[in-house]
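# Observations on chain architecture
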Protein chains: 2
Amino acid sequence: MDKILIATKNQGKVSDFKVLFEPKGIKVISLLDLDPIEDVEETGTTFSENATLKSEAIATLLNMPVISDDSGLEIDALNKEPGVYSARYAGLEKDDEKNIDKVLENLKGVAEKDRTARFVCAIAVSEPGKETIVEHGYCEGKILCERRGENGFGYDPIFQPDGEMRSMAELNHKEKAAISHRGNALRKLADWIEQQ
Amino acid sequence: MDKILIATKNQGKVSDFKVLFEPKGIKVISLLDLDPIEDVEETGTTFSENATLKSEAIATLLNMPVISDDSGLEIDALNKEPGVYSARYAGLEKDDEKNIDKVLENLKGVAEKDRTARFVCAIAVSEPGKETIVEHGYCEGKILCERRGENGFGYDPIFQPDGEMRSMAELNHKEKAAISHRGNALRKLADWIEQQ
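Residues numbered from 1 in each chain as written. Chains lettered and ligands numbered in written order. Predicted model: local features only at pLDDT ≥ 70, side-chain atom pairs only at ≥ 80, totals over all residues. Heavy atoms only, no water.

Here we take up the overall build of chain A. Looking only at helices and strands, chain A has six helices and seven strands in total. For chain A, the α and β elements follow one another from N to C terminus as β-α-β-α-α-β-β-α-β-β-β-α-α. When the backbone C-alpha atoms are referred to their principal axes, chain A occupies close to 65 × 40 × 30 Å. The buried share of chain A, reckoned over its 196 residues, is 48%. Put simply, of all contacts in chain A between residues at least 6 apart along the chain, 53% involve residues at least 24 apart. Per element, the accessible surface of chain A, about 9700 Å² overall, is 49% carbon and sulfur. With 26 positive and 37 negative side-chain charges, chain A shows a separation of 1 Å between the mean positions of the two kinds. (Helix = DSSP H or I, 4+ residues; strand = E, 2+ residues; numbered from the N terminus. Buried < 20%, exposed > 50% of the residue type's maximum accessible area, 1.4 Å probe, protein only. Contact = heavy atoms within 4.5 Å. Areas by Shrake-Rupley, 256 points an atom, 1.4 Å probe, with all protein chains shown as cover. Lys, Arg positive; Asp, Glu negative; His and termini not counted. Charge placed at Lys NZ, Arg CZ, Asp CG, Glu CD.)

Structure below.
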């Protein structure tokens, strides 16, 4: 045995087991190590880097194939903000409504033609001993001047995909999957899987 | 690749990846599968059984050694209740104060000599292809008639270990570790590790 997983998130319990196992050269892993890296620890500057950091870390820990994804919104008039900070644009507490308010405020007075933006999704697949592959998916569109629709989450109510008269939050789940950044990344991943 | 871990707890994302991988015969695991089995799913009738259910399930999923533990309080006058239901004795919401109130209420009028009880801890170690080993630790004592002390958690304020004039919640962390059910189980596990 060179490593063992403690099925707990209790730091105190993890410490107790480390005292027992680590002097024997057995590495102790816990469920705390496997949680998706929280925003505050997402140190990458790109979606691809964040997804890769997670999938490689966990694949190494567990010695098995791992997938992770990261996604967000790039607004051209805001120098591609919020980008990797999409979930916590208005603060660490991840508040969709405050994030949307901040975007609308920052785009006040910006003309429709200059409100171009895109959702980006990066999916990383890491296998021990192999190079990590990353597939990207995009959804081009523009930022509306006010919220529309109740579906989806995040910035969906203020994002209108190219070729659509509705916001992302006015599309149903199936319509969204057909054109969304995640849907597009998943389809590329499916192609990659076919080639394996 | 025969299985892959999706580093998420988002059921929607897990489903998306299952659609891609499962037709290829690749089993999709997610962080939802690795969480300690919640109380409502702890279907065992003993601490040992609950700990083993968890450690074996996760060891099989990840093909690596896994430890899990389960513990609780057995009160003789209550037919060994709360037992495996210790955390949720007064309801599913796991409220220490309500649990203690329920014990005190159920023991009203029971004489000191009949208030014997013990904390029990079972630690299960599962390795793929090997038989699971379980170590038990115990801490004998009695149930007080009112709360005493601020340390610890759970039933500690109303449990007085044998040989002590203080409640478990009046002991400091080190004193508790020296006599507690978890401490005793950990020491047995240490002996087991020595023999490996």
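There is more to say after this.
The subject of this paragraph is the UniProt feature "active site" (unreviewed entry) in chain A. Residue and element names in this part refer to chain A. Cross-referencing UniProt, the feature "active site" (unreviewed entry) maps to D70 in the present numbering. D70 sits in the buried class, given a relative accessible area of 9%. Among the polar contacts listed, one links the side chain of D70 to the side chain of N50, at a separation of 3.1 Å. (UniProt positions renumbered as here; feature names shortened; annotations may be inferred. Polar contact = N/O pair within 3.5 Å; in protein donor to acceptor, adjacent residues only side chain to side chain.)

Let's shift gears to the interface of chain A and chain B. Facing the 37 residues of chain A at the interface are 37 residues of chain B. Here chain A packs against chain B, burying approximately 3300 Å² in sum over the two surfaces, 73% of which is carbon and sulfur. Applying the counting criterion to the chain A and chain B interface returns six salt bridges. Linking D69 of chain B and K13 of chain A is a salt bridge whose minimum nitrogen-to-oxygen distance equals 3.0 Å. Where chain A packs against chain B, one counts 12 residue pairs in polar contact (both at pLDDT 80 or more). Elements with a minimum of two residues in the side of chain A that touches chain B: β1 (3–6), α1 (11–21), α2 (31–34), α3 (47–62), β3 (66–75), β5 (116–126) and α6 (181–194) of chain A. At seven residues, the largest contribution of residues to the side of chain A that touches chain B is made by α6 of chain A. Of the residues contributing to the side of chain A that touches chain B, the split by class is 25 nonpolar, two polar and 10 charged. Where β3 of chain A and strand β1 (residues 3–6) of chain B come together, two bridges link them in parallel fashion. Following the sheet pairing, I67 of chain A is matched in β1 of chain B by I6 of chain B. (Buried area = accessible area lost by both parts, 1.4 Å probe. Salt bridge = Lys/Arg side-chain N within 4 Å of Asp/Glu carboxyl O. Nonpolar A, V, L, I, M, F, W, Y, C, P; charged D, E, K, R; others polar. Pairing = 2+ DSSP bridges.)

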